[in-house]
Every structure is written in C-alpha cells, then in structure tokens.
Amino acid sequence: PDTNFLFQKLRDLQCGVFCAAETNINWRNPSQVSKFKRLGDKVWSNHRLIVSSHSCGSEPATKSKSYLPGGVAIWVSQYWSTRVVACGQDEHHLGRWCWVNFGSPDGTLITIVCVYRVCQQNVRTAGALTATRQQFDSLEMKRGATKSVTLACPRTQTPNDLDPFLKQKQAEGHLLIVTSDTNETPSEA
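Rules used in this analysis
Residues numbered from 1 in each chain as written. Predicted model: local features only at pLDDT ≥ 70, side-chain atom pairs only at ≥ 80, totals over all residues. Heavy atoms only, no water. Helix = DSSP H or I, 4+ residues; strand = E, 2+ residues; numbered from the N terminus. Polar contact = N/O pair within 3.5 Å; in protein donor to acceptor, adjacent residues only side chain to side chain. Contact = heavy atoms within 4.5 Å. Pairing = 2+ DSSP bridges. Axes fitted to C-alpha atoms, helices over the stretch in contact; angles between N-to-C directions. Salt bridge = Lys/Arg side-chain N within 4 Å of Asp/Glu carboxyl O. Buried < 20%, exposed > 50% of the residue type's maximum accessible area, 1.4 Å probe, protein only. pLDDT = per-residue confidence, 0-100. Core = buried A, V, L, I, M, F, W, Y, C linked by side-chain atoms within 4.5 Å. Parallel < 35°, antiparallel > 145°, perpendicular 65-115°, else oblique. Left-handed = near helix turned anticlockwise from the far one by under 90°. Nonpolar A, V, L, I, M, F, W, Y, C, P; charged D, E, K, R; others polar.

**Student:** Explanation requested: the side chain of N26 in the structure shown.
**Tutor:** Take N26: it is sitting in the loop between β1 (17–21) and α2 (30–41). There is a polar contact of 3.1 Å between the side chain of N26 and the backbone nitrogen of R28. Here K65 takes part through its backbone oxygen, which lies 3.2 Å from a polar atom of the side chain of N26. Beyond its immediate stretch of four places on either side in the chain, N26 contacts Q32, S53, G57, T62, K63, K65, S66, Y67 and L68.

Here it is, written out as structure tokens:
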C-alpha cells in the first residue's frame, strides 16, 4: 500500500510504536530521513524516527540514492516520544537493527529492537548491492587477513552480534521487545 495510506491506518489504530524491517531505504541519505520524518509528522506531530542502514549508503556512489537494500526503522508516536531515554543502531553499521529505550516514572525501562536478518543466500551469487553482499563484504573486511578459510555468513552473524546487546540491556534491567524479519518461518527458527 501507499506510504500515506499506511501512516493514516497507524493513526487510526492509535499505534504508539511502529517497527519496519527491510525498508530498502537509504537511511544514510539525509533527504530520505527528512522525507519519512515529514510523512510521520502528518500522523504524529512530534514523533521520533530511529533508523539504520548499511554504512555503504554513505559512499559516493550511493549517498544520494534513495534505495538501499535492507535497513530498519522505528517510528515512535508523539505520546511515547516523551518517554524516550536513548536510541541507536547496530554498532557495526550494517543496518541490521535499531533500538529505542523508554523510561517510565516508576523506573521501568523498556527497549524495543527492530531487526532485519538477511535470507539464506550464497554470497558468491548474491548481487553486489544486496543486503547479504553488503554485510558479507563488511564482515570479511573486519575479519581481515586470517588463516581461516571459512567465509563470514551474514545470516549467522546477526544473532551472534545481537545477542550480547540484548543480554547487556537485560543485565541493565530493561524489559525487551524484539520485532524482526528473520526471513524464516517459526518452524525454521
């Protein structure tokens, strides 16, 4: 459906937080962030938008483009935006997740995380700008020159990197809500 239609329905439903995985938006392009912020403003005048996409979206060849495979976003309504304590994204800059912390007057902390996990795909045949290839190239560069002949697997690496983040939030006393597109059915999980 049309994005305007979607935002109208979110308002009609009195949605407080909306998570979107695999947005395929280059969130590193400021004009795209502004565009979607304006769309959100039509529904929630003082909302928060938290986003993440792969760092390759900042490179000269892609920084002015609107499309970039993968990516995630969280829209927080005007009511809940007053309770935002902190927000951020995948610290590896691979566009796999973004998060927002809410605090309540009684001290309860809640973290909502929106996750995108690439599908099972052969990196040798994945297109150059697929989310799988973006993540693979970054993971291999980070791994550097090692004696290992095993290639990095972006699909496997996502939970390996996300798990410590979630455990840290739990140790800090946060309640967790994790939304995701994991490219699998519940029976495959």
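**Student:** Can you walk me through the sheet that holds strand β2 (residues 48–52) in this structure?
**Tutor:** Paired through backbone hydrogen bonds, the strands of a sheet run either parallel or antiparallel to each other. What the three strands build is an open sheet, ordered β1-β3-β2; its pairing is antiparallel. Only two strands of the sheet have a single partner each, and these edge strands are β1 and β2. Strand-to-strand twist in this sheet, taken as the mean axis angle between neighbours without regard to direction, amounts to 10 degrees. The strands touched by α2 within the sheet are β2 and β3 (72–76), with β2 carrying the most contacts at an inclination of about 145 degrees.

**Student:** I'm lost on the pattern of salt bridges in this one. Help?
**Tutor:** Between side chains of opposite charge, pairing is possible as soon as their charged atoms come close. Overall, the coordinates contain eight salt bridges when judged by the stated rule. Of the charged contacts in the structure, one is a salt bridge between R96 and D90, with a shortest N-O distance of 2.8 Å. Among the residues examined, D90 registers a relative accessible area of 0% and is labelled buried. Taking the shortest distance from any N to any O, the salt bridge between E184 and R117 comes out at 3.7 Å. Taken together, the residues E184 in the segment after β7 (174–181) and R117 in the loop between β6 (109–116) and α4 (131–143) connect sequence positions 67 residues apart. Of the residues examined, E184 reaches a relative accessible area of 25% and is grouped as partly exposed. Judged by relative accessible area, R117 falls into the buried class, the value being 17%. Through salt bridges with shared partners, one network takes in D90, R96 and D161.

**Student:** In this structure, what is going on with the confidence of the model for the chain? I would like to understand it.
**Tutor:** Regions with low pLDDT should not have their predicted coordinates read in detail. Averaged over every residue, the pLDDT of the chain is 91; residues scoring 70 or more account for 96%. Ranking the elements of the chain by mean pLDDT puts α4 last with 88 and β6 first with 98.

**Student:** Please explain the nonpolar core as it appears in this structure.
**Tutor:** As a rule of thumb, nonpolar side chains are buried together in soluble globular proteins. With 15 residues, the main nonpolar core has F7, W27, F36, W44, L49 and W75 as its most contacted residues. Those elements that place two or more of their residues in this core are α1 (3–12), β1, α2, β2 and β3. By size, the runner-up hydrophobic cluster in this structure holds 13 residues, among which are V72, Y116, V118 and A131.

**Student:** Just to check I follow, could you spell out the packing of α4 against helix α5 (residues 154–171) for this structure?
**Tutor:** Working note: a packed helix pair is described by the angle between its axes plus the distance between those axes. Interaxial distance between α4 and α5 falls to 10 Å at its minimum, and their mutual angle equals 70 degrees. Taken together, α4 and α5 sit at an angle that is classed as roughly perpendicular. Here α4 and α5 pass one another in a crossing that is left-handed. Within the contact between the two elements, α4 uses T132, Q135, F136 and L139 and α5 uses P154, Q157 and T158. Here the residues of the contact of α4 with α5 sort into three nonpolar, four polar and no charged.

**Student:** Would you explain the side chain of T23 in this entry?
**Tutor:** Structurally, T23 is set in the loop between β1 and α2. Setting aside residues no more than four positions away along its own chain, T23 makes contact with G70, G71, V72 and A73.

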